[in-house]
Amino acid sequence: MEHPQHDMGHLFAQLGRPDGPADIASFIAAHRPLPGGTQLHEASFWSYSQSLFLREAISDDADWAQVAERLNGELHAGK
């Protein structure tokens, strides 16, 4: 069974956020670094539905897990 490969643009589109490369870079720059103990889905800038999607994507090891983990790493990285 083939698993879809999602990229950061697809993830941002799924979250209802602007999904161009410059938009994504600006979003990450504006919201990093997340405190070390904050899980991606717990960040205050997500809506309820965005938070739920991200939590399920990672916890269920869904098709979106890899790109969600990448976003998590980007947001936890220092400026």
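Look up a bit, the structure's there.
Because the structure is a prediction, the values reported are computed rather than measured. All chains use their own residue numbering, which begins from 1 and follows the written sequence. Local features in this predicted model are restricted to residues of pLDDT 70 or higher, and side-chain atom pairs are both shown and tallied only at a pLDDT of 80 or more, whereas totals for entire chains, interfaces and linings draw on every residue. As a rule here, side-chain values come from all non-hydrogen atoms in the structure, and water together with hydrogens is ignored.

## Observations concerning the overall build of the protein
For step 1, the next point in the chain: Secondary structure elements follow DSSP: runs of H or I no shorter than four residues count as helices, runs of E no shorter than two count as strands, and numbering proceeds from the N terminus. Looking only at helices and strands, the protein has four helices and zero strands in total.
For step 2, the next point in the chain: When the helices and strands of the protein are listed from N to C terminus, the series reads α-α-α-α.
For step 3, the next point in the chain: Here the globule rule is a power law, 2.2 Å times the number of residues to the power 0.38, and the radius of gyration is based on C-alpha atoms. By the compact-globule yardstick of 12 Å for 79 residues, the protein fits well, its C-alpha radius of gyration being 12 Å.
For step 4, the next point in the chain: Across its three principal axes, the protein shows a C-alpha extent of roughly 40 × 25 × 20 Å.
For step 5, the next point in the chain: A simple rule labels every residue: compare its accessible area, found with a 1.4 Å probe on the protein chains alone, to the largest value its type can have, and call it buried under 20%, exposed over 50%, or partly exposed in between. Across the 79 residues of the protein, 35% fall into the buried class.
For step 6, the next point in the chain: Whether two residues are in contact is decided by their heavy atoms: any pair within 4.5 Å suffices. Across the protein, every contact between residues at least 6 apart in sequence was considered, and the portion connecting residues at least 24 apart equals 63%.

## Some details on the side chain of His-41
For step 1, the next point in the chain: Among the secondary structure elements, His-41 is positioned in the loop between helix H2 (21-31) and helix H3 (48-59).
For step 2, the next point in the chain: Accessibility expressed as a relative area gives 17% for His-41, which makes it buried.
For step 3, the next point in the chain: Those residues within four positions of His-41 in sequence are excluded, and the remaining contacts are Trp-46, Ser-51, Leu-54 and Arg-55.

## Thoughts on a negative patch on the surface
For step 1, the next point in the chain: Each patch is built from residues lacking any salt bridge and having more than 30% relative accessible area; the joining distance is 9 Å for like charges and 5 Å for nonpolar side chains (Val, Leu, Ile, Met, Phe, Trp, Tyr). Accessible surface area values rest on a Shrake-Rupley calculation with a 1.4 Å probe, where residue burial reflects the displayed protein chains alone. The rule for a salt bridge is simple: a side-chain nitrogen of Lys or Arg has to be within 4 Å of a carboxyl oxygen of Asp or Glu. Just so you know, the count uses Lys and Arg for positive and Asp and Glu for negative, and it drops His and the chain ends. The atoms used to mark charge sites are NZ of Lys, CZ of Arg, CG of Asp and CD of Glu. Together, Glu-56, Asp-60, Asp-61 and Glu-69 make up a region of like negative charge exposed at the surface.
For step 2, the next point in the chain: In this structure, Glu-69 sits in helix H4 (residues 65-76).
For step 3, the next point in the chain: Judged by its relative accessible area of 40%, Glu-69 falls in the partly exposed class.

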